[in-house]
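Architecture at a glance
Chain residues, written in single-letter form:
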Amino acid sequence: MTTVVGVLLAAGEGRRFGGPKALARDDDGTSWLLRAVQALRPCSEIVVVLGAEAERAAALLPMSVARIRADDWAEGMGASLRAGLEALGPTDHDTALVSLVDLPDVDAAVVARLVAASHGRSDLARAAYDGVPGHPVLLGRDHWAGVVASATGDRGARDYLAANDVDLVECGDLATGVDVDLR
């Protein structure tokens, strides 16, 4: 049976946004961090990668959620992705489902659809919204080393995904997949 671990990237300082998105709240008080964790509930385990204001963000998380600190988080998303995948190395997970803290309408239904599309260690897939590739992204263990090697700055897995065949899992009927960069 394939095990899919949810990896939430929430380490950035949110320069364009005006502060760490891991600490952001909607006008109604909804925590972006907790909403993103809830969206990952279809995964067998959840790991949150923290960086800027890590202690404050960690205090918001339920005890059932593993925390990883990306010490070089200021480098960009690539550092957070590397930290998350490297931390999974000794585990028995076949696939990581990587999501971002700033996807307000990506919920558990989107994640469940991606988890259902997972076949194991060779997975390389991502959510698509009306045919446009987006997040979350499924990375089978066979791809982790390549993603880690190519993840630099704010590019994350972009270059690796562009160089490989990626299955698109249409989720436009469930969400827009739009990320929030500005307040």
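Higher on the page you've got the structure.
Here we summarise the structure given alongside this text. (Residues numbered from 1 in each chain as written. Predicted model: local features only at pLDDT ≥ 70, side-chain atom pairs only at ≥ 80, totals over all residues. Heavy atoms only, no water.)

**Describing the overall build of the protein chain**
This is how the line gets drawn: Comment: elements are numbered from the N terminus, with helices defined as DSSP H or I runs of at least four residues and strands as E runs of at least two. With C-alpha atoms as the basis for the radius of gyration, the globule rule is written as 2.2 Å multiplied by the number of residues raised to the power 0.38. Think of it in three bands: with a 1.4 Å probe and only protein chains considered, a residue is buried below 20% of the maximum accessible area for its type, exposed above 50%, and partly exposed in between. Contact criterion: two residues are considered in contact whenever any of their non-hydrogen atoms come within 4.5 Å of each other.
Broken down by element type, the protein chain carries six helices and seven strands. Since a compact globule built from 183 residues should have a radius of gyration of about 16 Å, the 15 Å found for the protein chain is in line with a globular shape. Counting only C-alpha atoms and orienting by the principal axes, one finds that the protein chain spans roughly 35 × 35 × 30 Å. Across the 183 residues of the protein chain, 50% fall into the buried class. A fraction of 70% describes how many contacts in the protein chain between residues 6 or more apart in sequence connect residues 24 or more apart.

**What about the nonpolar core?**
Applied cut-off: Put simply, a nonpolar core is a bunch of buried Ala, Val, Leu, Ile, Met, Phe, Trp, Tyr and Cys residues held in one set by side-chain atoms that sit within 4.5 Å of each other.
Counting residues in hydrophobic clusters, the biggest one holds 59 residues, and the most contacted among them are Leu 8, Leu 33, Val 48, Leu 81, Leu 85 and Leu 139. With six residues, strand 1 (residues 4-10) is the single largest residue contributor to this core. Residues contacting Val 48, with those up to four places away along its chain left out, are Leu 8, Ala 10, Leu 33, Val 37, Leu 61, Val 65, Ala 66, Arg 67 and Ile 68.

**Notes on the side chain of Thr 95**
The cut-off we apply is this: Polar contact criterion, stated in full: a pair of N or O atoms within 3.5 Å, where within protein one must be able to donate a hydrogen and the other to accept it, and residues adjacent in sequence count only if both atoms are side-chain atoms.
The residue Thr 95 is located in strand 4 (residues 95-100) in this model. A residue is classified by how much of its surface remains accessible, and Thr 95, at 0% relative accessible area, is buried. Of the polar contacts made by the side chain of Thr 95, one reaches the backbone oxygen of Gly 120; its length is 3.0 Å. Non-local contacts of Thr 95, meaning those with residues more than four positions away in its chain, are made with Thr 2, Thr 3, Val 4, Val 5, Ser 118, Gly 120, Arg 121, Asp 123, Leu 138, Leu 139, Gly 140 and Trp 144.

**Considering the pairing of strand 6 (residues 132-140)**
To keep things clear, this is the line we draw: The rule for pairing is simple: two strands pair if DSSP sees at least two bridges between them.
In this sheet, strand 6 lies alongside strand 4 in antiparallel orientation, the contact comprising four bridges. The residue of strand 6 that forms the bridge with Thr 95 is Gly 140. Looking at chain direction, strand 5 (residues 124-129) and strand 6 are connected through five bridges and run antiparallel. The residue of strand 6 that forms the bridge with Ala 128 is Pro 133. Counting the residues in the hairpin turn of strand 5 and strand 6 gives two residues, including Asp 130, whose phi is positive at 55°.

**Quick notes on the layout of surface pockets**
Test applied: Within this scheme a cavity is a closed region of a 1 Å grid, computed over the protein atoms alone, that accommodates a 1.4 Å probe without allowing it to escape, whereas a pocket is open but has protein on both sides within 12 Å along at least five of seven lines; lining residues each have an atom within 4 Å of a point. Grid points are joined across faces, edges and corners, and a volume is the space filled by probe spheres set on the points.
In this structure, the largest pocket spans a volume of roughly 780 Å³. As for the largest pocket, its lining consists of 33 residues, and the residues nearest its centre are Arg 16, Met 77, Leu 100, Asp 102 and Asp 154. At the level of elements, strand 1, helix 3 (77-88), strand 4, strand 6 and helix 6 (158-162) are the ones that each hand at least two residues to the lining of the largest pocket.

**Overview of the sheet that holds strand 3 (residues 66-69)**
Rule in force here: Angles shown run from 0 to 180 degrees and are taken between the N-to-C directions of axes, each axis being a line fitted to C-alpha atoms and, for helices, limited to the stretch in contact.
Ordered by their spatial adjacency, seven strands build an open sheet running 3-2-1-4-6-5-7, and the pairing between neighbours is mixed. The strands lining the two open edges of the sheet, one partner per strand, are strand 3 and strand 7 (167-170). Pairwise comparison of adjacent strand axes, ignoring direction, gives a mean angle of 30° for this sheet. In this structure, strand 5 lies alongside strand 7, joined through four bridges in parallel fashion.

**Focus on helix 4 (residues 108-116)**
What counts here: Taking the helix axis as origin, the arc is that swept by the directions to the C-beta atoms.
Val 110, Val 111 and Leu 114 are the residues of helix 4 that are buried. Projection of helix 4 onto a plane perpendicular to its axis shows the buried side chains occupying an angular sector of 95°, all on one side. Residues of helix 4 that are buried in the fold lie against helix 1 (32-39), strand 4, strand 5, strand 6 and strand 7. Residue Asp 107 occupies the N-cap position of helix 4, its side-chain oxygen lying 3.1 Å from the main-chain nitrogen of Ala 109.

Everything listed here is a matter of geometry and, on its own, says nothing about what the molecule does.
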